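Structural overview
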Amino acid sequence: MAIWKVSFAAVVVGLTMVVECGVVAADMFYSSKLVHRFSDEVKKLRVSRNGEVWPQHRSLEYYGRLMSSDLQRQKMKLGPQFQLLFPSEGSKTMPLGNDFGWLHYIYIDIGTPTVSFLVALDAGSDLLWVPCECVQCAPLSASYYSSLDKDLNEYNPSGSSTSKFLSCSHQLCELGSNCKNPKQPCPYTVNYVSDDTSTSGVLVEDILHLASGSRMTANSSARAPVIFGCGSKQTGGYLNGVAPDGLLGLGPGEISVPSRLAKAGFVRNCFSLCFKEDDSGRIFFGDQGPATQQITSFLPSDGQFVTYLVGVESCCVGSSCIEQTNFKAIVDSGTSFTFLPDQIYDRVVKEFDREVNATKASFEGYPWQYCYKSSSEGLPKIPSFTLKFMTNSTFIVQDPVFVIYGSQGAVGFCLAVEPSGIDIGTIGQNFMTGYRMVFDRENLKLGWSLSDCQDLTDSNKLPMTPANGSSPNSLPTEQQNSPNSSGVAPAVAGRTPSKSAAPTNRRISFKLCLTKLLFPLLLVSSNFRQSMHTLTL
């Protein structure tokens with residue numbers, strides 16, 4: 001048996017570290033250079049790639065960044081302060097119908113004193129933004145919206161004692177290199193390909209007020225510093241009823257609220273969304289889901305986790321699992337309905353049409369191709385729709401159809417699935433209904449379990465996943481995609497007719513609103529920072 005020896009030379013940050021290892025008879029030597037995070041080597045890489053403003057050696061900002069990193073590492077070692085957090089006004093989410101594009105919304109409190117904002121929830125984008133110092137914003141008066149009983153608010157940085165502008169020298173200011181002065185406020189612009197839809201302004205840091213609701217926590221509230229967009233100018237869909245009071249991006253980017261909460265040590269690096277069949281829902285930060293939930297892994301794209309991408313192994317309709325229906329899909333709460341790659345779509349809808357016992361019909365103003373009449377006895381039995389994943393997990397869609405109502409009740413229904421036009425699909429909000437969806441960024445897993453969306457803080461019946469150590473491949477809370485210049489993503493579905501409307505006199509104004517459409521980039525580009533998003537009519 002060979003006898004190994006290992007010896008180490010002195011290790012000094014920024015100097016060469018020599019590691020010796022080998023067999024006694026023939027020593028082998030390896031060397032590795034340790035590079036400081038603010039060295040010239042790293043500067044060349046980061047500045048050329050991200051346009052990052054670099055701190056001057058031994059400056060106040062230089063030591064400030066080092067101290068901030070050290071404090072963060074200490075918080076990570078100590079573990080999270082809270083098991084669960086949710087917005088201070090409550091965990092319950094709400095859809096607001098036609099006026100707001102059928103997305104789920106929640107009230108959040110920002111600043112000192114607090115100001116509330118009704119923001120759309122979107123797992124397909126990173127940036128939280130609210131209307132602010134408005135030059136061009138959506139109407140904020142309740143009289144403009146039939147489903148509101150109070151006016152929406154506009155953020156005023158000077159009105160909050162805890163507000164401060166993010167400087168152009170900040171590491172999250174992607175447009176910092178374009179600033180004339182590194183101390184001036186950092187500008188941001190989020191562009192959308194179609195409909196001339198965008199939000200722009202400056203980045204601000206202020207306090208997001210949260211609650212834990214836990215009897216085991218002495219302090220049941222949390223004041224979390226977050227970075228968000230002070231959106232002074234919105235265009236396109238943002239002026240037409242979609243997210244008029246702002247958007248809460250829940251994506252994996254470093255600037256998103258879940259990332260900031262995890263990085264600051266408030267909660268674990270995960271969150272859950274639950275959408276109930278009665279259209280209510282819940283959101284919880286730090287929720288890893290029950291131990292009994294089914295899971296599948298998030299997939300990287302070009303080595304980076306820039307969105308919640310999963311791999312579907314096959315699609316099943318009724319008892320038939322269709323061959324050659326494997327595809328990748330983005331899981332996006334900001335897209336109201338589901339999209340399948342064209343070839344997968346064709347196979348699935350044909351099998352659904354074969355199995356459903358109803359007469360095919362066409363309803364004016366509705367975008368879906370596979371619609372059917374309902375009989376005098378109501379809706380027929382709808383074939384089940386199941387997604388199978390590579391982990392042998394199954395996701396049974398609770399309600400894959402959209403019911404069309406007339407003056408006398410239900411007059412028909414449509415399979416609420418559309419072709420995506422590309423090789424990537426989107427699992428939208430309609431497929432998530434009836435499930436507690438867990439975005440476990442720490443362990444790079446998507447989890448789901450049937451749920452009626454109860455308040456987790458009031459129930460001791462739900463087993464929580466034990467706080468294991470992080471996976472060595474955990475999704476970093478310092479993702480390198482930033483919202484400053486590239487379009488980040490939210491999604492909206494369309495405005496659908498109310499139940500009392502006749503099916504032919506109201507048009508469904510379908511937009512894939514707020515959706516972060518990374519599809520073209522996932523297919524052809526290795527530079528995900530220049531992500532492309534679209535609003536599709």
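Residues numbered from 1 in each chain as written. Predicted model: local features only at pLDDT ≥ 70, side-chain atom pairs only at ≥ 80, totals over all residues. Heavy atoms only, no water.

In this section: the state of the cysteines. In the structure shown here, the tally under the stated rule is seven disulfides. Two residues, C173 and C186, share a disulfide whose sulfurs are 2.1 Å apart. Given an S-S torsion of about 95 degrees, the disulfide between C173 and C186 has right-handed geometry. Highlighted residues: C173 in the loop between β9 (164-165) and β10 (187-191) and C186 in the loop between β9 and β10, separated in sequence by 13 residues. For the residue pair C173 and C186, the accessibility class agrees, reading buried in each case. There is a disulfide in this structure between C371 and C414, and the S-S distance comes to 2.0 Å. Between C371 and C414, the disulfide has an S-S torsion of 105 degrees and is therefore right-handed. Of this pair, C371 sits in strand β22 (residues 371-373) while C414 sits in strand β26 (residues 409-415), and the two are 43 residues apart along the sequence. With respect to class, C371 is no different from C414; both count as buried. (Disulfide = S-S within 2.5 Å. Helix = DSSP H or I, 4+ residues; strand = E, 2+ residues; numbered from the N terminus. Buried < 20%, exposed > 50% of the residue type's maximum accessible area, 1.4 Å probe, protein only.)

Next up on the list: the sheet that holds β22. Strand order across the open sheet formed by four strands is β21-β22-β26-β25, with antiparallel pairing between neighbours. For this open sheet the edge positions go to β21 (360-361) and β25 (401-406), each flanked by a neighbour on one side alone. One ladder, built from three bridges, connects β22 with β26; its direction is antiparallel. Pairing of C371 across the sheet is with C414, part of β26. (Pairing = 2+ DSSP bridges.)

Turning next to the pairing of strand β30 (residues 445-450). Two strands pair when backbone bridges link them, and strand β16 (residues 294-297) and β30 are joined in this way by four bridges, in the antiparallel orientation. Its bridge partner lying in β30, I295 is registered against G447. Taken together, the six bridges between strand β29 (residues 435-440) and β30 define a ladder with antiparallel strand orientation. Residue pairing across strands places Y435 opposite L450, the latter belonging to β30. Taken together, β29 and the strand that follows it, β30, pair antiparallel across an intervening segment of four residues, in which L444 is found at a positive phi of about 55 degrees.

This part takes up the UniProt feature "active site" (unreviewed entry) in the chain. As recorded in UniProt, the sites labelled "active site" (unreviewed entry) are D122 and D332. A maximum C-alpha distance of 6.8 Å places the annotated residues, which cover 211 residues in sequence, within one compact spot. By secondary structure assignment, the location of D122 is in strand β7 (residues 115-122). Among the polar contacts made by the side chain of D122, one reaches the main-chain amide nitrogen of G124 at a distance of 3.0 Å. With respect to the element layout, D332 can be found in the loop between β19 (327-331) and β20 (338-340). A relative accessible area of 1% places D332 in the buried class. (UniProt positions renumbered as here; feature names shortened; annotations may be inferred. Polar contact = N/O pair within 3.5 Å; in protein donor to acceptor, adjacent residues only side chain to side chain.)

So, on to the packing of aromatic side chains. Aromatic ring pairs: the centre-centre distance and the angle between the two ring planes describe each pair. Considering all chains together, one arrives at 21 aromatic pairs under this definition. Here F100 and Y105 contribute two aromatic rings whose centre-to-centre distance is 5.3 Å and whose plane-to-plane angle is 75 degrees, an arrangement assigned as edge-to-face. The buried category is assigned to Y105, whose relative accessible area is 0%. Through pairs of rings, three or more aromatic residues link up here, namely F100, Y105, Y144 and Y145. Positioned above the aromatic ring of Y107 is the side chain of K150, whose terminal nitrogen or guanidinium carbon lies 4.5 Å from the ring centre. (Phe/Tyr/Trp six-rings, centres within 6.5 Å; stacked < 30°, edge-to-face > 60°. Lys NZ or Arg CZ within 6 Å of the ring centre and 35° of its normal.)

F285 and F439 are the most contacted members of the largest nonpolar core, which has 72 residues in total. Each of domain 1 (86-285) and domain 2 (294-450) gives at least three residues to this core. By size, the runner-up hydrophobic cluster in this structure holds 30 residues, among which are W129, A138, Y145 and L247. (Core = buried A, V, L, I, M, F, W, Y, C linked by side-chain atoms within 4.5 Å. Domains from an automatic or database assignment.)

This brings us to the confidence of the model for the chain. When pLDDT is averaged across the chain, the result is 79; 71% of the residues are at 70 or more. Looking at the elements of the chain, mean pLDDT is at its lowest for helix α6 (residues 519-524), recorded as 35, and at its highest for β29, recorded as 98. Below pLDDT 50 for its whole length, residues 1-21 participates in 39 contacts with residues either more than four positions away or in separate chains. Between residues 459-537, whose pLDDT stays under 50, and residues either more than four places distant or in other chains, the model counts 286 contacts. (pLDDT = per-residue confidence, 0-100. Contact = heavy atoms within 4.5 Å.)

Here the focus is a negative patch on the surface. A cluster of acidic side chains, namely E277, D278, D279 and D399, defines a negative patch on the protein surface. Within the secondary structure layout, D278 lies in the loop between β14 (270-275) and β15 (281-285). (Patch = residues over 30% accessible without salt bridge, like charges linked within 9 Å, V, L, I, M, F, W, Y side chains within 5 Å. Areas by Shrake-Rupley, 256 points an atom, 1.4 Å probe, with all protein chains shown as cover. Salt bridge = Lys/Arg side-chain N within 4 Å of Asp/Glu carboxyl O. Lys, Arg positive; Asp, Glu negative; His and termini not counted. Charge placed at Lys NZ, Arg CZ, Asp CG, Glu CD.)

Attention now moves to the environment of L121. Mapped onto the elements, L121 comes out in strand β7. The sequence separation of L121 and H104 amounts to 17 residues, and the corresponding C-alpha distance is 5.9 Å. Contacts of L121, omitting those with residues within four sequence positions, involve T93, H104, I106, L248, L250, L273, I283, S333 and G334.

This part takes up the pattern of salt bridges. Under the defined criterion, the tally for this structure stands at five salt bridges. Linking E355 and R354 is a salt bridge whose minimum nitrogen-to-oxygen distance equals 3.8 Å. Of the residues examined, R354 reaches a relative accessible area of 59% and is grouped as exposed. Members of the salt-bridge network, linked through shared partners, are E351, R354 and E355.

Following the sequence through the fold, A264 ends up in the loop between α3 (257-263) and β14. Judged by its relative accessible area of 15%, A264 is buried. Placed 183 residues apart in sequence, A264 and Q81 show a C-alpha to C-alpha distance of 9.5 Å.

We now examine helix α4 (residues 342-355). Between its terminal C-alpha atoms α4 stretches 20 Å, which fits the 20 Å expected from 14 residues at 1.5 Å a residue. Inspection of α4 places I344, Y345, V348, V349, E351 and F352 among the buried residues, and these make up the whole buried set. The arc that holds every buried residue of α4, seen down its axis, measures 160 degrees, which confines them to one face. Along α4, exposed side chains directed more than 90 degrees from the buried face belong to Q343, K350 and R354. (Expected span 1.5 Å × (residues − 1). Arc of directions from axis to C-beta.)

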